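These are the residues of each chain, in order.
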Amino acid sequence: MSLRPTKEGWRLGMATALVALAALNTGNNLIYLVLASMLASLLCSALLPLYNLRGLKASAWALQPLFAKRPCSLRIRIESPRRLPAYSIHVVGPGGLRLRFARIKGSEEATARVKFARRGLYQGMKVRLQSSFPSIFFVASVEVPLEGHLLVYPELRDLGPWRPAPRGRGGPRPLLPGEEPQSLRPYVPGDDTRRISWKALARHQSLLVKDTRQEPLASTAVVLDGTGPPSEEAFEECLSLAASVAKRLLEEGHMVALLTAQDRVPFGSGPAQLWRILEVLALAEEPQRWQRSLQGMEAGVLILKSRASALSRRAQEFGHVIYASYL
Amino acid sequence: MSSTPLIYRASTAALALLGSWGLALAGAISPAFLPALALLGLGYWRYLRGMSPAPKWTVDVASVLIAGLFLADALVLSADLLVAVAHLTLLFQALKAFDLREPWDNLQVFFMTLLQLVITSEFTRTLLFGALFVLILLGQVSALVMAHFIKEGTVRGKALRPGAVVAWVSALVLALSVLGFVAVPRVKAGFLGKGRQKSIQTVGFTETVRLGSFGEVKEDPTVVMRLKSPAPPPLYLRGSILDAFNGSSWENTFKGKELRLRGTQGRFLLPGPQGQGTLMPQEFLLEPLDAKVLFGLAGLRMVKINARELLLGPEGSLYLPRRPQRRILYTAFSAPSAGPPVKEVWKYLQLPPEGMERIRALAQRLAAQAEEDLQKARVLEAYLRQNFTYSLDVPPPPPGVSPIEDFLFGSRRGFCEHYATAMVLMLRSLFIPARMVTGFLATQRNPHGDYYIVRQRDAHTWVEALIGGRWMRFDPTPAVRLSPPSALSLYLDSLRLRWFRYVVSFSRSDQMRLLRGIWSPLRALPRLPEPQLPWQWALPALAVPALWAVRKLLRRPRGTGHRLESRLYERLRRRLRKQGLRDSPSLSPQELAQWACRRGLDIREFISVYERVRFGREHELRGRLKELYASLSLQPKAPTRGTNTQ
């Protein structure tokens, strides 16, 4: 715990010193009385903020998926074990977290807008609780652990007009056991009502039918090679690009797989596949070397950290190659 | 301003009014400055109604005028710095009432009220100050708590219940104030100026006392002392002894022949016969009188008082070396049978040169039947008591007639001085040594606290006659029935006594007594001698905060405060203003960088780091920012030779 006098606190301190001088000079008990009241005010202003922060616990959880460099909402809960309420508690934490609780008795929750600069798993975090209650003369602050962990996905970028190739090198892929065609099209009069997707109706608020005449889904692999000279910034760019490309591909109806130096996400489609890919990318670490096989992945998108990355020599085998260091 | 809650505005107004009115009631404000109180009221009336502050220029002009007036006041008008400061605080409060714009303005009012309270304490120490103190303390706590919630922006939160918060914080501050008041070591260094407590004007305790002067105070209810003693009423509290009468005034001819008494740890033993009966204690709380005399029952044997020396007159009167500036607390011990040996008896037989024939004849006629001196004295005392009318309305005597002759043979009306003087003259005309004693007659016992209240109107004179080698007291003044004081006034007086005893007169001795009482192991320790030099207490008391401040200064290198970035940025702006920057509050750091760039100055990196520190809270870059500032060259770069400037 720390305690810092404010500008007004210094002023009151100086005024108290002057009154102490007057009391010392005159020996007047009434000035001693005024001095005692000023000392009492100072003492209360210093001790109550410390007491106010005693025993407080903080926890946090995300109300929506967290993406790097994108504002998002975080729910913060402060618990107070004391019988007396805690007043005017400020919470300062990672991601520009700034929140104020006017009064906490038992526990209180509030939503904060935060923006994390980096993706990754945030755990063992600490937040700083501050309070100057009941006056404006001192600010006490304490660092408390923030219970809970937060997974921040890589930044999703707007890829602009870029569109993936509508095919994969391997041609249509047969449906896997238990897999159903995902393609839906708007209902037109004459369609068999038995083919209306009721789940899609609930989701999109419009009638869609399962189109059995569609082509089998294109399968595109996203290969991320983060090897090469260490550059945290470029690697983060790679991750962000990989996430954005995977998202675009999945939105376009592709089957998407992800291959990195350490992990592999097999082909899949739909939102669940996106979250699987994002989770791998959120936790990825900058690799030293590439030792994985590219079999079956060559038709996809290759994202390279730099020209010195291991797969840059095989760039011509891929449909799309993106160099993060040139972005 | 209208967004400020009413309770906050009301607390500010209440504090300013209490502080200023307190000064006025304490008599610190000259009548010429009293109209400022009306201005103050008007200003706060406008403020509470949410009206806008006065224009800035009028406030500026008024500030200059007030500063000039303060100088004139301090040097010429009142020629008293403290009074001038009191006037200044009043004028400041009045001006501020029209100029409350920012929350800091309200804080200035709070600080000024504290200053006013400190000044008030130098002018009055009555219960009024106590009431004022409690009200101001509560007002300040509530205002400060409200200031906190206003700063937080949560003052209007319904769940907050600021009233309850104010109540318990006020209780805590009040309790801590009491604790602090008791615990702070009492020191009086007296290195600047003197106290300015007004003394109560008394009569009868100077070298010369004009006959009839007691009539001026006989209706004055001002309390001059409070006394605790197991002695039954009435208590004749002796003050001065007067031995010579010239027909119109009494004189103490022993003045200047006093014996200096040195005390041991505040105890003064008076010379006289030892071991005669039990000592009667009398604990006095004496108001600051304009006399140096110490009062006590007859036969004073010992006095306990916080003084280095006392003066003892040959006639037995006890004096302080100098006139007291504040209340005195002392305990006197008397042995009724004791008394100093009588010196210069012939002085007590002196008579005025004229107008004694009729008085001597009357005395001889009255005492004709009595054989012994005591009987003669009793006869004269009874005669005066029974045959004269007590009255404060005494007409002046006819020309050529002395006041005592007129009293005895003319008007037959008078008050204690007339009775006592007449008896002394009659006794002396019978060759019985006699003298007049001035003092107070304590009869009013307050059941709330079990003590005697002695007022100015209790000033009294009586007679002592030397009979059988001892001074015997006679009081020829008939008893006068006074209406008893109301129960409320008695209760209020007991409050006053507690206020004076436990607050105004609280001393190091009280602290030591309290400490011994609370900390029982200390009881076994011998009594600690009280330090004679206040610095023995003051230095350790000052050392702790001084060491703390030094430690803070040493631990906090200059220029690393949380405002470093702002200070550096402001310095840079000042430097650029000198180079022609047309500065404005709305100029952003980036605009500043662009302006500098156009002038050929490269401050982009500094601005970039400044923004990261100031707004991104990357405080670890402060060192880098300092380095950048130190390396800034604000000389426009000259075009380099060979560079294509297109």
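Residues numbered from 1 in each chain as written. Chains lettered and ligands numbered in written order. Predicted model: local features only at pLDDT ≥ 70, side-chain atom pairs only at ≥ 80, totals over all residues. Heavy atoms only, no water.

Peer 1: Help me out: how do you make sense of the overall build of chain A in this one?
Peer 2: Helix and strand counts for chain A come out as five helices and 18 strands. Relative to its full complement of 327 residues, chain A shows a buried share of 51%. Considering only contacts in chain A between residues 6 or more positions apart, those separated by 24 or more positions represent 65%. Total accessible area computed for chain A in this model is approximately 16,100 Å², and 53% of it derives from carbon and sulfur atoms. (Helix = DSSP H or I, 4+ residues; strand = E, 2+ residues; numbered from the N terminus. Buried < 20%, exposed > 50% of the residue type's maximum accessible area, 1.4 Å probe, protein only. Contact = heavy atoms within 4.5 Å. Areas by Shrake-Rupley, 256 points an atom, 1.4 Å probe, with all protein chains shown as cover.)

Peer 1: What exactly am I supposed to notice about the overall build of chain B here?
Peer 2: Along the backbone of chain B there are 18 helices and 20 strands. Burial statistics for chain B: of 646 residues in total, 48% are counted as buried. If you take every contact in chain B between residues at least 6 apart in sequence, the share linking residues at least 24 apart comes to 74%. Taken as a whole, chain B presents about 33,200 Å² of accessible surface, with 59% of it coming from carbon and sulfur.

Peer 1: Help me understand the nonpolar core in this model?
Peer 2: Across soluble globular proteins, you tend to see nonpolar side chains buried next to one another. Within the largest apolar cluster, 73 residues are counted, with the highest numbers of intra-cluster contacts made by L237, F295, Y330, L384 and L408 of chain B. Broken down by element, this core gets its largest block of residues, nine residues, from helix α11 (residues 416-429) of chain B. Residues contacting L384 of chain B, with those up to four places away along its chain left out, are F407, L408, Y419, A422, M423, M426 and P476 of chain B. Counting 60 residues, the second-largest nonpolar core is a separate cluster that includes A40 of chain A together with F111, M146 and V223 of chain B. (Core = buried A, V, L, I, M, F, W, Y, C linked by side-chain atoms within 4.5 Å.)

Peer 1: What am I meant to see in the interface of chain B and chain A here?
Peer 2: Note on interface size: it is often stated as the accessible area lost on association of the parts. Taken together, the contacts link 54 residues of chain B with 42 residues of chain A. Where chain B abuts chain A, roughly 4,200 Å² becomes buried across the two surfaces, and 70% of that area is made up of carbon and sulfur atoms. It is F111, H148 and E152 of chain B in chain B that bury the most area against chain A; as a group they hold 13% of the surface buried on that side. At the boundary of chain B with chain A, the tally comes to zero salt bridges. Those elements that place two or more of their residues in the side of chain B that touches chain A are α5 (103-123), α6 (127-152), α7 (162-183), α12 (487-504) and α14 (535-555) of chain B. (Buried area = accessible area lost by both parts, 1.4 Å probe. Salt bridge = Lys/Arg side-chain N within 4 Å of Asp/Glu carboxyl O.)

Peer 1: Sorry if this is basic, but what is going on with the sheet that holds strand β8 (residues 280-286) of chain B here?
Peer 2: Pairing between sheet strands relies on hydrogen bonds along the backbone, with the strands arranged either parallel or antiparallel. Residue and element names in this part refer to chain B. The strand order across the open sheet formed by seven strands is β7-β10-β13-β8-β2-β18-β17, and the pairing between neighbours is antiparallel. The sheet is open, and its two borders are formed by β7 (267-269) and β17 (444-446), each paired with just one other strand. Neighbour-to-neighbour, the strand axes of this sheet turn through a mean angle of 25°, independent of strand direction. Note that β8 and strand β13 (residues 328-334) share seven bridges and pair antiparallel. (Pairing = 2+ DSSP bridges. Axes fitted to C-alpha atoms, helices over the stretch in contact; angles between N-to-C directions.)

Peer 1: How should the side chain of R226 of chain B be read in this particular structure?
Peer 2: Residue and element names in this part refer to chain B. Secondary-structure assignment places R226 in strand β2 (residues 223-228). Looking at R226, its side chain comes within polar contact range of the side chain of E287, at 3.5 Å. Residues in contact with R226, not counting those within four places in the same chain, are E283, F284, L285, E287, Y451, Y452, D493, R496, L497 and F500. (Polar contact = N/O pair within 3.5 Å; in protein donor to acceptor, adjacent residues only side chain to side chain.)

Peer 1: Please explain unusual backbone geometry as it appears in this structure.
Peer 2: Glycine aside, residues mostly have negative phi angles, and peptide bonds mostly take the trans form. Cis geometry is found at the peptide bond from F133 of chain A to P134 of chain A, where omega equals 10°. Here P134 of chain A shows up in the loop between β9 (126-131) and β10 (138-147). For the bond running from P233 of chain B to P234 of chain B, omega is -5°, close enough to zero to count as cis. Position of P234 of chain B among the secondary structure elements: in the loop between β2 and β3 (235-242). Located in the positive-phi region is A79 of chain B, a residue other than glycine, with phi close to 50°. The topology assignment puts A79 of chain B in the loop between α3 (56-77) and α4 (81-96). A positive phi angle is found at D450 of chain B, which is not glycine, with a value near 55°.

Peer 1: Please explain the packing of aromatic side chains as it appears in this structure.
Peer 2: The relation between two aromatic rings is expressed through the spacing of the ring centres and the mutual angle of the planes. Summed over the entire model, instances satisfying the criterion amount to 25 aromatic pairs over all chains. Their ring planes at 50° and their centres at 4.7 Å tell us that F116 of chain A and Y122 of chain A sit as a pair that is tilted. The same class applies to F116 of chain A and to Y122 of chain A, which are both buried. Among the aromatic residues, those joined into a ring-pair cluster are Y87 and F133 of chain A together with F149 and W168 of chain B. Above the face of the Y32 of chain A ring, R186 of chain B is positioned so that its terminal group lies 4.6 Å from the ring centre. (Phe/Tyr/Trp six-rings, centres within 6.5 Å; stacked < 30°, edge-to-face > 60°. Lys NZ or Arg CZ within 6 Å of the ring centre and 35° of its normal.)

Peer 1: Would you mind showing me how to read the confidence of the model for chain A here?
Peer 2: As a note on interpretation, predicted positions should not be read in detail where pLDDT is low. Residues with a pLDDT of 70 or more make up 91% of chain A, whose mean pLDDT is 84. Taken together, the stretch residues 167-171 of chain A has pLDDT below 50 and engages in seven contacts with residues farther than four places along the chain or on a different chain. (pLDDT = per-residue confidence, 0-100.)

Peer 1: So what exactly am I meant to see when it comes to α5 of chain B here?
Peer 2: One turn of the α-helix equals 3.6 residues, which is why residues spaced by three or four share an orientation. Look at α5 of chain B: 31 Å from first C-alpha to last across 21 residues, which is about the 30 Å you get at 1.5 Å a residue. For α5 of chain B, the buried fraction is high: 18 of the 21 residues fall into the buried class. (Expected span 1.5 Å × (residues − 1).)

Peer 1: Where do I start with the environment of A244 of chain B in this structure?
Peer 2: Residue and element names in this part refer to chain B. Here A244 shows up in strand β4 (residues 244-245). Residue class for A244 comes out buried when judged on its relative accessible area of 15%. In the structure, A244 is positioned 192 residues away from M436 in sequence and 9.0 Å away in space, judged by C-alpha atoms. Sequence-distant contacts of A244, that is, excluding residues within four places in its chain, are made with S249, W250, E251, T253 and Q350.

Peer 1: Which parts of the structure should I look at to understand the pattern of salt bridges?
Peer 2: Between side chains of opposite charge, a pair can form when the charged atoms approach closely. The full count for this structure, using the stated rule, is 30 salt bridges over all chains. Salt-bridge contacts for E109 of chain A lead to R75 of chain A; the nearest nitrogen and oxygen are separated by 3.1 Å. In this pair, E109 of chain A sits in strand β7 (residues 107-114) while R75 of chain A sits in strand β4 (residues 72-79), placing the two residues 34 residues apart along the sequence. Residues D105 of chain B and K96 of chain B are paired through a salt bridge, measuring 3.0 Å at the closest nitrogen-oxygen approach. When sorted by exposure, D105 of chain B lands in the same class as K96 of chain B, which is buried. Because the salt bridges share partners, they merge into one network encompassing R118, R119, E232 and E236 of chain A.

Peer 1: What am I meant to see in the sheet that holds strand β11 (residues 150-153) of chain A here?
Peer 2: All names here are of chain A. Taken together, three strands build an open sheet; the order of strands is β3-β11-β8 and the sheet is mixed. Where the open sheet ends on each side, the last strands, each with one partner, are β3 (66-67) and β8 (120-122). With three bridges joining them, β8 and β11 adopt antiparallel strand pairing. Counted as the bridge partner of Y122 is L150 from β11. Across the face of the sheet, helix α5 (residues 270-283) comes into contact with β3, β8 and β11 while running at roughly 100° to β11.

Peer 1: Explanation requested: the pairing of strand β18 (residues 451-455) of chain B in the structure shown.
Peer 2: Side-chain direction in a regular strand flips from residue to residue, so the side chains alternate between the two faces of the sheet. Residues and elements named next belong to chain B. Most of β18 sits inside the fold, with five of its five residues counted as buried. Here β18 shows no split at all, with Y451, I453 and R455 on one side and Y452 and V454 on the other all buried. Taken together, the four bridges between β2 and β18 define a ladder with antiparallel strand orientation. Each residue of the ladder has a partner; that of R226, found in β18, is I453. Here β17 runs beside β18; their pairing, made up of three bridges, is antiparallel.

Peer 1: Is there a simple way to explain the packing of α3 of chain B against α4 of chain B in this structure?
Peer 2: Helix-helix packing: each pair is described by the crossing angle between the helix axes and the interaxial distance. All names here are of chain B. Contact geometry for α3 and α4: axes closest at 9 Å, N-to-C directions at 165°. By the angle between their axes, α3 is roughly antiparallel relative to α4. Between α3 and α4 lies a crossing whose hand is right-handed. Contacts from V59, A62, S63, I66, L69, F70, D73 and A74 in α3 reach L81, V83, A84, V85, H87, L88, L91 and L95 in α4. Of the residues contributing to the contact of α3 with α4, the split by class is 13 nonpolar, two polar and one charged. (Parallel < 35°, antiparallel > 145°, perpendicular 65-115°, else oblique. Left-handed = near helix turned anticlockwise from the far one by under 90°. Nonpolar A, V, L, I, M, F, W, Y, C, P; charged D, E, K, R; others polar.)

Peer 1: Is there a simple way to explain a nonpolar patch on the surface in this structure?
Peer 2: Side chains of L69, L71, L75, V76 and L77 of chain B sit close together on the surface and give an oily, nonpolar patch of about 530 Å² of accessible area. With respect to the helices, strands and loops of the structure, L77 of chain B is situated in helix α3. (Patch = residues over 30% accessible without salt bridge, like charges linked within 9 Å, V, L, I, M, F, W, Y side chains within 5 Å.)

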